[in-house]
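Chains, contacts and geometry: an overview
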Number of protein chains: 2
Amino acid sequence: MLQNNLLLRAAKGEHVERAPVWVMRQAGRILPEYRAIREKLSGFKELVTTPELVCEVTLQPVDILGVDAAIIFSDILVIPEAMGLDYEMIEKKGPWFPKTIQTAADIDLLQTDGVTERLDYVKKGITITKAELNGRVPLIGFAGAPWTIFSYMIEGSGSKTFSKAKKMLYTQPELSHRLLSKITAATIQYLHMQIEAGADIVQIFDSWAGILDQDLYAQFGIPYLQRISQAIKQVPTIVFAKGAYFSMEDLATLDCDVLGLDWATSIEDFKAVVKNDKTLQGNLDPCVLYADESVIKKKTAEMMKRFEGQRHIVNLGHGVYPDTDWRKVKYFVDLIKENNF
Amino acid sequence: MLQNNLLLRAAKGEHVERAPVWVMRQAGRILPEYRAIREKLSGFKELVTTPELVCEVTLQPVDILGVDAAIIFSDILVIPEAMGLDYEMIEKKGPWFPKTIQTAADIDLLQTDGVTERLDYVKKGITITKAELNGRVPLIGFAGAPWTIFSYMIEGSGSKTFSKAKKMLYTQPELSHRLLSKITAATIQYLHMQIEAGADIVQIFDSWAGILDQDLYAQFGIPYLQRISQAIKQVPTIVFAKGAYFSMEDLATLDCDVLGLDWATSIEDFKAVVKNDKTLQGNLDPCVLYADESVIKKKTAEMMKRFEGQRHIVNLGHGVYPDTDWRKVKYFVDLIKENNF
């Protein structure tokens, strides 16, 4: 039994004494304790694939920041890797795939069988973390959305424009759907595995939603998010489609429980569209946490006021930036926990 | 006298026989004739600072693509350079500033006197280009918006998050306003110089507007765009605030003639807000030009239908991507000129 299940109740729209709070990228570089572990390792991937270390860094923000949830430390790119596309994480640059997807034959070579076996280290990480958490707070599992994973598979890295990935959508729509379907199938298996291992709720990150538009997202984004949402019945689901304000109405039709909002999105517009049928998660600008406490308090109060009357999980509107002072993050978490805004 | 003044009439909301069309980044890598010139030079900056070459590449898209306007070939970063911050253009990486702005003292060192003298090469480029154009189509001048120039000055390069620049807004608002004011003063002088040299209309590019939110943009973006709009009375003005859908209402209050729309922005929402008091410019997704002609035609027709009844200048929703086939761009331009959609 969970001692603090605020997040799960808020996700399902049940009564909560106060809004739960967690922070995207709460486990990571903002914490000196994380950096101490990371420095001893050969690289980011050693951390991701070592269950005991995954457990340790996943628990750090629960202990240090006092957040209402843990999120398993991992990366959305473990899915392309498990399907057959290795990636490297290049320091200060981000992910890089030596091999990318260009043709139908490349897609045929991607494997959906055996994905969960190859991601057994995530299962072990979740199992150990659940035991260590000992019911203190819920554990969030996660995966990348099919469109975002598709983008990395085509581009081979981040991009300002993702023009190669979008080119594929416009020039080879059927091939694009085939690849998206394959990613979706693997992702559903992967999320089921996470839930069986103990994840209490799952979040789908569509980091690159915002470079599409309503029409493209309706064709190549939403249907796959819906397939995933409908396949996850055991636990609540959160969909965070960053920058996809243009698809508010379409996102509201998903069979998920929570929608994430980035900082630039109008809370009022989203409230009007979801009509309290879903919980909204977000959306303080992570840059606010660079400011002094008085500014953080003022901006937090403004945000809470705007969410008033809405099912709400407090978070940032994007992952916390690595150069943020962790004490500012704790200050923000405390404001929410102490209803001090 | 201009033989084709469709762009100017459309900008001012006068009657036009058909919507004018031009393409952001029409002068550049998409044209083999541009690449031939570029290959002979030491680098991008040699091209930008050589008036005869500026003239040549500015005219190329008028001759080859048949667009309804030329836009002077230059870069928004000539302003920080003229104020005292040199930049380098690194191949395949983008701009890089060896020195950035961090303190009040750094801001004090920036010069606003003598900016137009140091940008005399732009004036010469415009003068020669106007003579060569010989009234065929209008010549567009341009500058970066103060917020976008501010971002480069603080960050020293492009960025995914522009968190350093935003940190400055949250932590040092007064210093930020001081820097923005200084950039604005230099920009107004620079645009006046371009107009005196012959620019028939000017566009302000706020490339990084979309990483702010309504509140920040209302404080640090809109007031400076307004200062510029009000200072330019001789020719029509276009403001393109990419990604700033959240500030639609605020943008509509600007004393400019035209607002640019990126591809993801809802045309319907913008139409409802500007109520035909302004011309809208845009907004085909540049990635559509990767597709075959039937898709380009269909997407162009959809866009034109959505703009119906609105003062409109046809363009893409972002600069054309360098790997686009120039024949596709010409096909798009021809569709508009022949009313074939």
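That block above? That's the structure.
What comes next concerns the included structure. (Residues numbered from 1 in each chain as written. Chains lettered and ligands numbered in written order. Predicted model: local features only at pLDDT ≥ 70, side-chain atom pairs only at ≥ 80, totals over all residues. Heavy atoms only, no water.)

**What about the overall build of chain A?**
Selection rule: Put simply, DSSP H or I for four residues or longer makes a helix, DSSP E for two residues or longer makes a strand, and each gets a number counted from the N terminus. Each residue's exposure class comes from its accessible area (1.4 Å probe, protein chains only) as a fraction of the maximum for that residue type: buried when under 20%, exposed when over 50%, partly exposed otherwise. The contact criterion used throughout is that any non-hydrogen atoms of two residues lie within 4.5 Å. Using the Shrake-Rupley algorithm and a 1.4 Å probe, accessible areas are obtained, with residue cover drawn only from the displayed protein chains.
In terms of helices and strands, chain A carries 17 helices and nine strands. For chain A, the spread of C-alpha atoms along the principal axes amounts to about 55 × 45 × 35 Å. By the burial criterion, 62% of the 341 residues in chain A qualify as buried. Residue pairs at least 24 apart in sequence account for 74% of intrachain contacts in chain A once pairs closer than 6 positions are excluded. With an accessible surface of roughly 12900 Å², chain A has 50% of that area assigned to carbon and sulfur atoms.

**Quick word on the relation of the copies chain B and chain A**
Our working definition: Superposing the copies works by least squares over the C-alpha atoms of residues that have pLDDT at least 70 in both of them.
Mapping chain B onto chain A is achieved by rotating through 180 degrees and translating by 0.0 Å along the same axis, at an RMSD of 0.0 Å. The relationship between the two copies is best expressed as a two-fold rotation axis. When C-alpha distances to the rotation axis are compared across chain B, the minimum falls at Lys160(B), with a value of 4.0 Å. Of the interface residues in chain B, 100% have counterparts in chain A that sit at the interface too, so the contact is made through matching surfaces.

**Thoughts on the pattern of salt bridges**
All names here are of chain A. This is how it is decided: Here a salt bridge means any side-chain nitrogen of Lys or Arg lying within 4 Å of a carboxyl oxygen belonging to Asp or Glu.
What the rule picks out here adds up to 34 salt bridges over all chains. With its nearest N and O atoms 2.8 Å apart, the salt bridge here joins Arg 18 to Asp 68. Taken together, the positions of Arg 18 in the loop between helix H1 (6-12) and helix H2 (32-39) and Asp 68 in the loop between helix H4 (51-64) and strand E1 (70-71) put the pair 50 residues apart, joining distant regions of the chain. What makes Asp 68 buried here is its relative accessible area of 2%.

**Points about the packing of aromatic side chains**
Note the cut-off: Aromatic contacts are taken between Phe, Tyr and Trp rings whose centres are within 6.5 Å, Trp giving its six-membered ring; a plane angle under 30 degrees counts as stacked, one over 60 as edge-to-face, and the others as tilted. Lysine NZ or arginine CZ positioned within 6 Å of the ring centre and within 35 degrees of the ring normal marks a charge as sitting over the ring.
Applying the stated criterion across every chain, the model contains 19 aromatic pairs over all chains. When the ring centre of Tyr87(A) is taken as origin, the NZ or CZ atom of Lys45(A), which lies over that ring, is 4.2 Å away.

**Digging into the sheet that holds strand E8 (residues 279-284) of chain A**
Residue and element names in this part refer to chain A. So the rule is basically this: If DSSP finds at least two bridges between two strands, the strands pair.
Taken in spatial order, the seven strands make up an open sheet running E1-E4-E5-E6-E7-E8-E9, and their pairing is parallel. Edge positions in the sheet fall to E1 and strand E9 (312-316), since each of these pairs with one other strand and no more. Of the pairings in the sheet, the one linking E8 to E9 comprises five bridges and is parallel in character. By the bridge assignment, Asn 283 is partnered in E9 with Asn 315.

**Side note on unusual backbone geometry**
A cis geometry characterises the amide bond from Gly282(A) onward to Asn283(A), with omega recorded as -10 degrees. On the secondary structure map, Asn283(A) appears in strand E8. Non-glycine residue Lys92(A) carries a positive phi angle of around 65 degrees. In this structure Lys92(A) comes out as exposed when scored by relative accessible area, which is 88%. Positive phi outside glycine occurs at Arg25(B), with the angle close to 65 degrees. In this fold, Arg25(B) is placed in the loop between helix H1 (6-12) and helix H2 (32-39).

**A word on helix H16 (residues 293-307) of chain B**
One turn of an α-helix holds 3.6 residues; hence residues three or four places apart share an orientation. The criterion, for reference: To estimate how far a helix should extend, the number of its residues minus one is multiplied by 1.5 Å. In this context, the arc is that of the directions from the helix axis out to the C-beta atoms.
The terminal C-alpha atoms of H16(B), which comprises 15 residues, lie 21 Å apart, in line with the 21 Å expected from a rise of 1.5 Å per residue. For H16(B), the complete set of buried residues consists of Ile296(B), Lys299(B), Thr300(B), Met303(B), Met304(B) and Phe307(B). Taken end-on, H16(B) shows its buried residues confined to a sector of 135 degrees, consistent with a single buried face. Residues of H16(B) that are exposed and angled more than 90 degrees away from the buried face: Ser294(B), Lys298(B) and Lys305(B). On its buried face, H16(B) sits against helix H10 (163-171) and helix H12 (214-220) of chain A together with helix H15 (267-274), strand E8 (279-284), strand E9 (312-316) and helix H17 (326-337) of chain B. Positioned one or two residues after H16(B), Gly309(B) has a phi angle of 85 degrees, which is positive.

**Section: the sheet that holds strand E4 (residues 139-144) of chain B**
All names here are of chain B. With parallel pairing, seven strands are arranged side by side in an open sheet as E1-E4-E5-E6-E7-E8-E9. Edge positions in the sheet fall to strand E1 (70-71) and E9, since each has one partner strand and no second. Across three bridges, the pairing between strand E7 (residues 258-260) and E8 is parallel. Within E8, the position partnered with Leu 259 by the bridge is Leu 280.

**Looking at a negative patch on the surface**
How we decide: Each patch is assembled from residues with relative accessible area greater than 30% and no salt bridge, linking like charges that lie within 9 Å and nonpolar side chains (Val, Leu, Ile, Met, Phe, Trp, Tyr) that lie within 5 Å. Counted as positive: Lys and Arg. Counted as negative: Asp and Glu, with His and the chain ends omitted from the count. A single reference atom marks each charge: NZ on Lys, CZ on Arg, CG on Asp, CD on Glu.
Where like charges cluster on the molecular surface, the negative patch consists of Glu249(A), Asp269(A), Glu249(B) and Asp269(B). Tracing the backbone through its elements, the reader meets Asp269(B) in helix H15.

**Some words on the interface of chain B and chain A**
For clarity, the threshold we go by: Summed over both partners, the accessible area (1.4 Å probe) lost when two parts come together is defined as the buried area. Nitrogen and oxygen atoms within 3.5 Å of one another constitute a polar contact, given that in protein one can donate a hydrogen and the other can accept it, and given that sequence-neighbouring residues count only through two side-chain atoms.
Contact with chain B, which involves 29 residues of that partner, is made by 29 residues of chain A. When the two sides are added together, the surface that chain B and chain A hide from each other amounts to roughly 2400 Å², 58% of it contributed by carbon and sulfur. Looking only at chain B, the three residues that lose the most surface to chain A are Tyr170(B), Tyr245(B) and Tyr290(B), adding up to 25% of its buried area. Our count for the contact surface shared by chain B and chain A stands at four salt bridges. Of the charged contacts, one joins Lys166(A) and Asp285(B) as a salt bridge, the two residues approaching to 3.0 Å between their closest N and O atoms. For the pair chain B and chain A, the interface holds 12 residue pairs in polar contact (both at pLDDT 80 or more). Breaking the side of chain B that touches chain A down by element, the ones donating at least two residues are helix H10 (163-171), helix H12 (214-220) and H16 of chain B.

**What to know about the packing of H10(A) against helix H11 (residues 173-197) of chain A**
In a packed pair of helices, the relevant descriptors are the angle between the two axes and the axis-to-axis distance. All names here are of chain A. Let me state the cut-off plainly: Every angle, taken between N-to-C directions, lies between 0 and 180 degrees, and every axis is a line fitted to C-alpha atoms, over only the stretch in contact when it is a helix. Three residue categories are used. Nonpolar comprises Ala, Val, Leu, Ile, Met, Phe, Trp, Tyr, Cys and Pro, charged comprises Asp, Glu, Lys and Arg, and polar comprises the others, including Gly.
Orientation of H10 relative to H11, taken along the N-to-C sense of each, is 115 degrees, at an axis distance of 5 Å. In this structure, H10 uses Met 168, Leu 169, Tyr 170 and Thr 171 to contact H11, whose residues at the interface are Pro 173, Leu 175 and Ser 176. Grouping the constituent residues of the contact of H10 with H11 by class yields five nonpolar, two polar and no charged.

**Focus on the environment of Asp63(A)**
All names here are of chain A. Turning to its location among the elements, Asp 63 is positioned in helix H4. A C-alpha to C-alpha distance of 48 Å links Asp 63 and Ala 105, two positions 42 residues apart in sequence. Within the local environment of Asp 63, its side chain forms a polar contact with the side chain of Arg 136, the two groups lying 2.8 Å apart.

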